[in-house]
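Each chain is listed here by its residues.
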Amino acid sequence: MKKKKKLIILISVVLLVTICIGFGISYAKYASTSVWNYYLKSKGFYFSSDKLNSKGLENVDVNWDGGPVYFDIKNSLNEELITDYDIKYKVKCNLMESDIDDAVCYLNGTESSEYEGVLSGVKACVDYENESDVSSLDKTSCEMNGYTWKDVEAVKDVYFEIKSASGTVTNAKVQIKVESTNPYKQVLEGTFVLNKNSNQEKVEDLQYESKDNYDTIIVTNSTSQDKCVKIKWSSDKYRVDNDIDNLLSTTSDENGYIDSITFKISAKNSDRVIFYRVDKSVHGSTSDFEVTYEDCQ
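Model, not experiment: these values are computed from the prediction.

Digging into the nonpolar core
Core analysis: the largest hydrophobic core is formed by 30 residues, its most contacted members being Phe71, Phe160, Ile176 and Val178. The element contributing the most residues to this core is strand β3 (residues 87–98), with five residues. If sequence neighbours within four positions are ignored, Val178 has contacts with Phe47, Leu52, Phe71, Ile73, Tyr89, Lys90, Val91, Gln186, Val187 and Leu188. In this structure, Ile258, Ile261, Phe275 and Phe289 belong to the second largest nonpolar core, which totals 16 residues.

Here's what the structure looks like:
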């Protein structure tokens, strides 16, 4: 009985020591982070983002259009707490999950998952009373006219894109890590869960309209991005009126007749292309035309 009691006491002591050690490590980490953050604030160092934080903020977009995803980086916590010196930083993009195997994550229009930048500490003149634009004034002129010379918030918009050579990405999970590298180190993180809505706006199928002397093809771009559209047809059936706005290129057959055109359609807009049937006794249809479209580079 005594041996059993001693064993229970021993196990209890071991568990208590283990819990204390675990708590000590967690507390030490928490205390260390808190002390470091306090130190940074004492140096006037502010590094923040609306979509990232020190713990890893999650951002969910169930209506992702497949395009660039933006997030900001700031040298401030608010309009009054602003760093007055330059902050160098680097950004890393990690594609954690995707429905396309060869998908990659690129930053700021580059072909790299890493990017470096600087948040510049800048001062400017501000008119708090009348809210007029006096930012062009120098320090002396600013203060002589009764305005305020103060630190100005620096905000950099950074974006990432998910690209694939084999298909269209419709679902992805991306981890973004931003680290200030000079003069102090601080890490901001976030994940972006992206889901492409199957009912979202898209470039619609061709609409064909037959007139007395000509026919028209109408293409509508209902997305929020410009699109480059290529329409191809048989020059034995159609001739095109190539007086088209935003025409980018054409191709011709061996007889010199145009058999395809590529042009740009602005976001939320439609364009019309006029065609003339070679044999007017034969009615045309959308099946006579092949259309492809992509984001304009």
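Let's pick the thread back up.
A few points about unusual backbone geometry
For the bond from Asn182 to Pro183, the omega torsion is 5°, close enough to zero to count as cis. For Asn108, which is not a glycine, the phi torsion comes out positive at approximately 50°. Of note, Glu131 is a non-glycine position whose phi angle comes to about 60°, a positive value. Secondary-structure assignment places Glu131 in the loop between β6 (122–126) and α2 (139–144).

Concerning the environment of Lys43
Tracing the sequence through the fold places Lys43 in the loop between α1 (2–42) and β1 (57–64). For the pair Lys43 and Thr83, spaced 40 residues apart in sequence, the C-alpha to C-alpha distance is 8.8 Å.

Structural notes on the sheet that holds strand β12 (residues 215–221)
Pairing in this open sheet of four strands is antiparallel, and the strands run β11-β12-β17-β14 from one edge to the other. Each edge of the sheet is formed by a strand with only one pairing partner; in this case those strands are β11 (207–210) and β14 (238–241). This sheet shows a mean twist of 30° between the axes of neighbouring strands, independent of strand direction. Note: β12 against strand β17 (residues 269–277), seven bridges, orientation antiparallel. By the bridge assignment for β17, Thr220 is matched with Ser270.

Some thoughts on the sheet that holds strand β13 (residues 227–232)
Read from one edge to the other, the open sheet built from four strands follows the order β15-β16-β13-β18, with strand pairing classed as antiparallel. The outermost strands of the open sheet, each flanked by one partner alone, are β15 (247–252) and β18 (290–295). Each strand of the sheet is rotated relative to its neighbour by a mean of 15°, with strand direction disregarded. Two elements, β13 and strand β16 (residues 258–265), share six bridges in a ladder whose sense is antiparallel. Looking across to β16, one finds that Val229 is bridged to Phe263.

Overview of the state of the cysteines
Any covalent bond linking the sulfur atoms of two cysteines counts as a disulfide. Counted by the stated rule, this structure contains two disulfides. Bridging Cys93 to Cys105, the disulfide has an S-S length of 1.5 Å. Looking down the S-S bond of the Cys93 and Cys105 bridge, the torsion is 70°, so its handedness is right-handed. In this pair, Cys93 is assigned in strand β3 and Cys105 in strand β4 (residues 104–107), connecting sequence segments twelve residues apart. Take Cys93 and Cys105: they sit in the same class, and that class is buried. Note that Cys125 is cross-linked by a disulfide to Cys142, the S-S spacing being 2.1 Å. As the torsion about the S-S bond is roughly 85°, the Cys125-Cys142 disulfide counts as right-handed. A residue pair is termed long-range when its members are at least 10 positions apart, and Cys125 in strand β6 and Cys142 in helix α2 qualify at 17 residues. Exposure remark for Cys142: the relative accessible area of 0% places this residue in the buried category.

Cut-offs applied
- Residues numbered from 1 in each chain as written.
- Predicted model: local features only at pLDDT ≥ 70, side-chain atom pairs only at ≥ 80, totals over all residues.
- Heavy atoms only, no water.
- Core = buried A, V, L, I, M, F, W, Y, C linked by side-chain atoms within 4.5 Å.
- Buried < 20%, exposed > 50% of the residue type's maximum accessible area, 1.4 Å probe, protein only.
- Helix = DSSP H or I, 4+ residues; strand = E, 2+ residues; numbered from the N terminus.
- Contact = heavy atoms within 4.5 Å.
- Pairing = 2+ DSSP bridges.
- Axes fitted to C-alpha atoms, helices over the stretch in contact; angles between N-to-C directions.
- Disulfide = S-S within 2.5 Å.

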